[in-house]
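# Summary of the model geometry
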Amino acid sequence: MKRIDLHSHTTASDGTLTPRELIKLAKKQGLEAIAITDHDTVSGIKEAKAVAEEIGGIEVIPGVEVSADYYGEMHILGYFLDIHDPVLQVRLEELKEIRKRRNHRMIGRFQKRGIHLTLEELESETKGELIGRPHFASLLIKKGLVNTFQEAFNKYLAHGSLCYVAKEEVHPKDAIEMINKSGGVAVLAHPVFLKAKTRLKLKSLFTELKEMGLTGIEVYHSDHSWKHRELFLGLANDLDLCVTGGSDYHGTHKPYINLGVGRGNLSLSYDLLDRLREKQSLKLSA
Ligand code: AMP
Ligand code: ZN
Ligand code: FE
Ligand code: FE
């Protein structure tokens, strides 16, 4: 069976492999296609595409992952983006500014607790241009303030913990629109993390998102149990939404998650990508 992975991060955001290293790993794992879905940026795509062309036999889908707010944090994935689209570029720049302001406020929160972190130190934790909470976590480990990545999140970085600051709100409608306008399709990422938990609430939320222009649901994900997968699959089918899946690979930031297979039990067929692409063609010709 041809296997794929539609959710991965590189050093362009908060993954630890460069786009080049990631594509080489994907090829080694025998994946036929991989979507690069860095947070708020498409800056890793160019290198990934070039490497894929160089080594052959692997397809790169240009993607992105955008954080929105709707009764809590919600992540929206975009696929088949025209990464050179000027409107997309402007919108991504805005998201990066929102992130910068959030990071600045988080540094302030640490400062108040007597923990001195500088922007320069955070920048040295990334090879890319974007700083996320995982870079705060690596720096806290380096400074000996925590022992593990998870401890950094539990104590300081997770939603509701000591130094957490929410980003300025982005409405999912705007995130979906940004993706659709650049020729892409929007997919709701890892619905297990939504505040909506019951089938009824999820159904009404998915329906709303579909009305906003959503094309699919990430049914298969490293953090979805078999029960979750069944629930989300049923809802996607009921609502005629595409089904997608991915590992959400971040390299050593999340060492228990492997590319393509997640925690070991993911296996994503190329058919998912075919169907997503069909939807995109239908949308473009509509
Ligand atoms: P940011 O985009 O800067 O808000 O950071 C988001 C990243 O932090 C994502 O890669 C998440 O997987 C990671 N993350 C968020 N919450 C947690 C948590 N509670 N434990 C571990 N990682 C987390
Ligand atoms: Zn991430
Ligand atoms: Fe996410
Ligand atoms: Fe992700």
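Residues numbered from 1 in each chain as written. Chains lettered and ligands numbered in written order. Predicted model: local features only at pLDDT ≥ 70, side-chain atom pairs only at ≥ 80, totals over all residues. Heavy atoms only, no water.

## Focus on the overall build of the protein
Worth spelling out the cut-off: Numbered from the N terminus, helices here are DSSP runs of H or I no shorter than four residues, and strands are runs of E no shorter than two. When we talk radius of gyration, it's over C-alpha atoms, and the globule rule is simply 2.2 Å times the number of residues to the 0.38. When accessible area is computed with a 1.4 Å probe and restricted to protein chains, residues below 20% of their type maximum are described as buried, those above 50% as exposed, and intermediate ones as partly exposed. Here, residues are in contact when the closest pair of their heavy atoms is within 4.5 Å. Per-residue accessibility takes into account occlusion by the displayed protein chains alone, with areas from the Shrake-Rupley method and a 1.4 Å probe. Two residue types count as positive, namely Lys and Arg, and two as negative, namely Asp and Glu; His and chain ends fall outside the count. For charged residues, the charge sits on one atom: NZ in Lys, CZ in Arg, CG in Asp, CD in Glu.
The secondary structure content of the protein amounts to 10 helices and 8 strands. Against the 2.2 N^0.38 benchmark of 19 Å for 286 residues, the protein shows a C-alpha radius of gyration of 18 Å, consistent with a compact globule. For the protein, the spread of C-alpha atoms along the principal axes amounts to about 55 × 45 × 40 Å. Expressed as a percentage of its 286 residues, the buried residues of the protein come to 54%. The long-range fraction of contacts in the protein, counting pairs at least 24 apart against all pairs at least 6 apart in sequence, stands at 73%. Carbon and sulfur atoms form 53% of the exposed surface of the protein, whose accessible area is close to 13,000 Å². A gap of 4 Å separates the mean positions of the 40 positive and 39 negative side-chain charges of the protein.

## Digging into the sheet that holds strand E6 (residues 216-221)
To keep it simple, the criterion reads: When DSSP finds two or more bridges between a pair of strands, those strands are recorded as paired. Axis angles are defined between N-to-C directions and span 0 to 180 degrees, where every axis is a line fitted to C-alpha atoms and, for a helix, only to the segment in contact.
Pairing within the open sheet is mixed, and its 8 strands lie in the order E7-E6-E5-E4-E3-E2-E1-E8. Single-partner strands in this sheet number two, and they are strand E7 (242-246) and strand E8 (268-269). Summarising the sheet, strand E1 (residues 3-5) and E8 pair through 2 bridges and their orientation is antiparallel. Following the sheet pairing, Ile4 is matched in E8 by Leu268. Helix H1 (residues 19-28) contacts strand E2 (31-36) and strand E3 (59-69) of the sheet and is inclined by roughly 150° relative to E2.

## Some thoughts on the coordination of the zinc ion (ligand 2)
In an ideal octahedron of six donors the angles at the metal are 90 or 180 degrees, and in an ideal tetrahedron of four donors they are 109.5 degrees. Formally: Atoms of type N, O and S within 2.8 Å of a metal are treated as its donors, and for Na, K and Ca the window is 3.2 Å; water is not considered, so some sites may appear to be missing partners.
Around the zinc ion (ligand 2), the protein contributes the donor atoms Asp14 (OD), Asp14 (OD), His39 (NE2) and His250 (NE2), at 2.0 to 2.5 Å from the metal centre. Here the zinc ion (ligand 2) and the iron ion (ligand 3) are spaced 5.9 Å apart. Taken together, the residues Asp14 in the loop between E1 and H1 and His250 in the loop between E7 and E8 connect sequence positions 236 residues apart. With respect to burial, Asp14 and His250 carry one shared label: buried.

## A look at the pattern of salt bridges
If charged atoms from side chains of opposite charge come close, those side chains can pair. Rule in force here: Throughout this description, the term salt bridge denotes a Lys or Arg side-chain nitrogen within 4 Å of a carboxyl oxygen of Asp or Glu.
Inspection of every chain in the model, using the stated rule, returns 16 salt bridges. Between Glu59 and Arg277 there is a salt bridge, and its shortest N-O distance comes to 2.7 Å. One end of the pair, Glu59, is in strand E3; the other, Arg277, is in helix H10 (residues 270-285), with 218 residues separating them in the sequence. Glu59 gets classed as partly exposed once you look at its relative accessible area, which sits at 25%. Of the residues examined, Arg277 reaches a relative accessible area of 28% and is grouped as partly exposed. A salt bridge links Glu168 to Arg101, with the shortest nitrogen-to-oxygen separation between them at 2.7 Å. Of this pair, Glu168 sits in the loop between helix H6 (149-157) and helix H7 (172-181) while Arg101 sits in helix H3 (residues 86-112), and the two are 67 residues apart along the sequence. Overall, Glu168 belongs to the partly exposed group, its relative accessible area being 38%. Residues participating in the shared-partner salt-bridge network are Glu93, Lys96 and Glu129.

## What about the site of ligand 1?
Going by this rule: If even one non-hydrogen atom of a residue comes within 4 Å of a molecule or strand, that residue is called near it. N or O atoms closer than or at 3.5 Å make up a polar contact, with two conditions inside protein: a donor-capable atom paired with an acceptor-capable one, and, for residues adjacent in sequence, both atoms drawn from side chains. Domain borders in the structure are assigned automatically or taken from a domain database.
Around ligand 1 lies a shell of 13 residues, among which Arg99, Arg102, Arg133, His250 and Lys254 are the nearest. In this structure, an oxygen atom belonging to ligand 1 sits 2.3 Å away from a side-chain N or O atom of Lys254. Residue assignment for the shell around ligand 1 shows that the elements contributing at least two residues are H3, helix H5 (133-142) and H6. When residues of the shell around ligand 1 are assigned to domains, at least three map to each of domain 1 (3-92 + 168-285) and domain 2 (96-157).

## What to know about the nonpolar core
Generally speaking, nonpolar side chains in soluble globular proteins are found buried as a group. Spelled out, the test is: Nine residue types can take part in a nonpolar core, namely buried Ala, Val, Leu, Ile, Met, Phe, Trp, Tyr and Cys, and a core is a set of them joined through side-chain atoms within 4.5 Å.
Of all hydrophobic cores here, the largest spans 70 residues; its most connected members are Ile23, Ile76, Tyr79, Leu188, Phe206 and Ile217. Ignoring anything within four residues of it in the chain, the contact list for Ile76 reads Val64, Glu65, Val66, Ala68, Pro172, Ala175, Ile176, Ile179, Ala186, Val187 and Leu188. Of all hydrophobic cores here, the second largest spans 19 residues; its members include Ile107, Phe136, Tyr156 and Cys163.

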